[in-house]
Amino acid sequence: MKLNKMFSSLMIEKKGEPVSWFVRLTNILILVLLFYGLFSFGFSRLSYTFRWGSVWKYRNNLIDGFIMTILLSLASLVLSVLLGFLFAIAQKSRILLIRYFSRAYIEVIRGTPLLVQILMFFYVIANAAGLNNRYIAGVLIMSIFASAYIAEIIRAGIDGVGSTQLETARSIGLTKQQTYRHIVFPQVITGVLPPMAGQLASLIKDSSLLSIIAIKEFTMAAREVNANTFSTLESYIPLAIGYLILTLPISYVTKKLERRYFYET
Amino acid sequence: MRLKIDKLTKSYGDLTVLDKLDLEIKDINSLVLIGPSGGGKTTLLRLLAGLEQPDSGSIIVNDHNLDCTEEELLTYRRDVGMVYQAYNLFPHLDALENIMLPLVHAQQIPKKEAREQALSLLERFNLAEHAFKKPVALSGGQQQRIAICRAVAIKPEILFFDEPTSALDPEYTSEVLDLIEELREDTMELILVTHEMGFAHNAADHVLFISDGGIIAQGPPSELFEQTKNERVKRFFDKVLKYN
């Protein structure tokens, strides 16, 4: 009975009561121990000896790769937002060719593996266009890939602005351009910020695939370190932590934004 | 106001909402449209407000011939005001910005001047304390009064209302009707669709009873409400006034 009470006071959230720091820490600690136990059991079966020293010598490779991943992701994000915006608008175009093209573009890009897109773009399109800089090619590929998703995010944002608001804008005597400028876009921007931040997190992780066209980003760097040291886990564990360092703040900011821009329509 | 409508027809797909409607009215200030739902009141109001184009027939409102292109209708809409059943304030703008938006972007009034006009209007209708609140923070009645301010701010030639109290909780109905009444006493020209029969009776100079795509009966409210011989109009009144 006493044990039961202790369990419930430590493990169960009571309605309407804030969870105390002590209870939080206890639960987090239990989780850490559980995972630690799980992993140490796994490693004990593997009988793997960690040799961090050999990887430490290559730390600059990892740091360079880490920075390259950030740069690639940011450049791709900017370009993909621009492209995504264009394709979102193009889907509303009254010129059918433009509308169908953007529809097809979005479906094809979202429906095929990024790996195939990277290979196709780099070895077929970029090659034919005489584009030799693989970093520029990489940014272009990631932008094309992410823009299809961003176009859908923006389109959903535009559709989310109710038809009654468009009607009201019309009754006030706003032109179409004014309606988009003053009514639709301000609401789209605040509405799409959270999913857009999520998209940035995906972009960061997806950019790891650029290593197949020998772009020296984070994942490529880890692969190289592994190839030089034969210390597989010591190369890839920092990789996972590095991606977490980038994506955790984004998911935190996303949650903040979601709360901040929540209003009813 | 002066209205002249000639053989006005409007359909949506297979549904003919208005069928060869004729009307000629002069020298009135407030026109009220009543009638059963789906009878065509709102469609007629939207046509008069320049929000729809007729399939055929002609509409003349004061000096505006509404048989024109969408661009010309846009200019016309800048001269008139519209108030909707669901208030339709822009949710991303506060009350003041909602009123300023048409002034600045449709009427081309400088921002500073627009702001002063909007503030004095809010002041006049006892809404000044809500100037910086977003619609979500306002009651239905407050939202609707601000929506009316937005429509009045442009000094419209005619103000249109599409069931302005139908979406309101009953406790807020009177504050909105009071405001409309105040505008009427200011000799603002009004065209209203409403189900508030008491208000229609008091506020209308002329009432149209619209059903089945046409005008079934019309006249000054005293005539239409009390002495109508028309069976359909009588039945309608019996129904809507049953619990009043």
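Residues numbered from 1 in each chain as written. Chains lettered and ligands numbered in written order. Predicted model: local features only at pLDDT ≥ 70, side-chain atom pairs only at ≥ 80, totals over all residues. Heavy atoms only, no water.

> Can you help me understand the pairing of strand 1 (residues 3-12) of chain B in this one?
When a strand is regular, its side chains alternate between the sheet's two faces. Residue and element names in this part refer to chain B. Two elements, strand 1 and strand 2 (residues 15-25), share seven bridges in a ladder whose sense is antiparallel. Bridge pairing in strand 2 links Ile5 to Leu23. Count of turn residues in the strand 1/strand 2 antiparallel hairpin: two residues, of which Gly13 carries a positive phi of about 60°. Bridging between strand 1 and strand 4 (residues 56-61) involves five bridges; their strand directions are antiparallel. Looking across to strand 4, one finds that Ile5 is bridged to Ile59. (Pairing = 2+ DSSP bridges. Helix = DSSP H or I, 4+ residues; strand = E, 2+ residues; numbered from the N terminus.)

> Looking at this structure, how should I read the layout of surface pockets?
Left-over empty space is what a probe sized like a water molecule reveals as it rolls over the atoms. By volume, the largest pocket amounts to about 410 Å³. Along the walls of the largest pocket sit 16 residues, with Arg170, Leu174, Thr175, Lys176 and Thr179 of chain A positioned nearest its centre. Those elements giving two or more residues to the lining of the largest pocket turn out to be helix 7 (134-160), helix 8 (163-172) and helix 9 (176-206) of chain A together with helix 2 (70-77) of chain B. Partitioned by chemical class, the residues of the lining of the largest pocket number seven nonpolar, two polar and seven charged. (1 Å grid on protein atoms, 1.4 Å probe; cavity = no way out; pocket = protein on both sides within 12 Å on 5 of 7 lines; lining within 4 Å. Points joined across faces, edges and corners; volume = space filled by probe spheres on them. Nonpolar A, V, L, I, M, F, W, Y, C, P; charged D, E, K, R; others polar.)

> Mind showing me how you'd approach the sheet that holds strand 6 (residues 81-83) of chain B here?
Within a beta sheet, neighbouring strands are joined by backbone hydrogen bonds and run either parallel or antiparallel to one another. Residues and elements named next belong to chain B. Overall, mixed pairing links the six strands, which are arranged 6-7-8-3-9-10 in an open sheet. Single-partner strands in this sheet number two, and they are strand 6 and strand 10 (214-219). This sheet shows a mean twist of 15° between the axes of neighbouring strands, independent of strand direction. In this fold helix 5 (residues 140-153) packs onto strand 6 and strand 7 (159-162), with an angle of close to 170° to the strand it touches most, strand 6. (Axes fitted to C-alpha atoms, helices over the stretch in contact; angles between N-to-C directions. Contact = heavy atoms within 4.5 Å.)

> How should the interface of chain B and chain A be read in this particular structure?
Where interface size is quoted, it is often the accessible area lost as the parts come together. The interface is formed by 20 residues belonging to chain B together with 19 residues belonging to chain A. Summing the contributions of chain B and of chain A, the shared interface buries around 1800 Å²; its carbon and sulfur component is 60%. When the buried surface of chain B facing chain A is broken down by residue, Phe90, Pro91 and His92 of chain B rank first, second and third, together holding 30% of it. Linking chain B with chain A are two salt bridges, by the criterion used here. Glu70 of chain B is the partner of Arg170 of chain A in a salt bridge, and the nearest nitrogen-oxygen pair spans 3.2 Å. Listing elements by their share of the side of chain B that touches chain A, those giving two or more residues are helix 2 and helix 3 (95-105) of chain B. When grouped by side-chain class, the residues that make up the side of chain B that touches chain A number eleven nonpolar, three polar and six charged. (Buried area = accessible area lost by both parts, 1.4 Å probe. Salt bridge = Lys/Arg side-chain N within 4 Å of Asp/Glu carboxyl O.)

> Explanation requested: the nonpolar core in the structure shown.
As a rule of thumb, soluble globular proteins bury nonpolar side chains together. Core analysis: the biggest nonpolar cluster contains 52 residues, and Ile34, Ile148, Phe161 and Ile180 of chain B have the highest contact counts within it. Tallying contributions element by element places helix 5 of chain B first for this core, with seven residues. Excluding anything up to four places from it in sequence, Ile148 of chain B contacts Val83, Phe161, Val176, Leu179, Ile180 and Leu183 of chain B. Ala126, Ala201, Ala221 and Leu246 of chain A belong to the second largest nonpolar core, which has 38 residues in total. (Core = buried A, V, L, I, M, F, W, Y, C linked by side-chain atoms within 4.5 Å. Buried < 20%, exposed > 50% of the residue type's maximum accessible area, 1.4 Å probe, protein only.)

> What should I look at first to understand the pairing of strand 7 of chain B in this one?
Residues and elements named next belong to chain B. Side chains Leu159 and Phe161 project from strand 7 onto one buried face, and the interleaved Phe160 and Asp162 project onto a second face that is buried too. In this structure, strand 7 lies alongside strand 8 (residues 190-193), joined through four bridges in parallel fashion. Bridge pairing in strand 8 places Phe161 opposite Leu192. Taken together, strand 7, helix 6 (residues 170-185) and strand 8 constitute a β-α-β crossover, and its handedness is right-handed. (Right-handed = clockwise from strand over helix to strand, strands pointing away.)

> Any chance you could explain empty space enclosed by the protein here in plain terms?
In the structure shown here, the tally under the stated rule is two cavities of 30 Å³ or more. There is about 90 Å³ of room inside the largest cavity. Broken down by secondary-structure element, the contributors of at least two residues to the lining of the largest cavity are helix 8 of chain A together with strand 6 and helix 5 of chain B. Top element by residues in the lining of the largest cavity is helix 8 of chain A. It accounts for three residues. Looking at the lining of the largest cavity residue by residue, the class counts come to six nonpolar, four polar and one charged. Considering only enclosed or pocket space, the second largest cavity measures out at about 30 Å³ in volume.

> Looking at this structure, I do not really get the pattern of salt bridges. What am I missing?
A pair can form between side chains of opposite charge whenever their charged atoms are brought close. Scanning the model with the defined rule gives 17 salt bridges over all chains in all. Of the charged contacts in the structure, one is a salt bridge between Glu107 of chain A and Arg103 of chain A, with a shortest N-O distance of 2.6 Å. Here Glu107 of chain A and its partner Arg103 of chain A are both found in helix 5 (residues 96-111), four residues apart, which amounts to about one turn of the helix. The class for Arg103 of chain A is partly exposed, based on a relative accessible area of 30%. The salt bridge involving Arg184 of chain B is made with Glu181 of chain B; its shortest N-O contact spans 3.0 Å.

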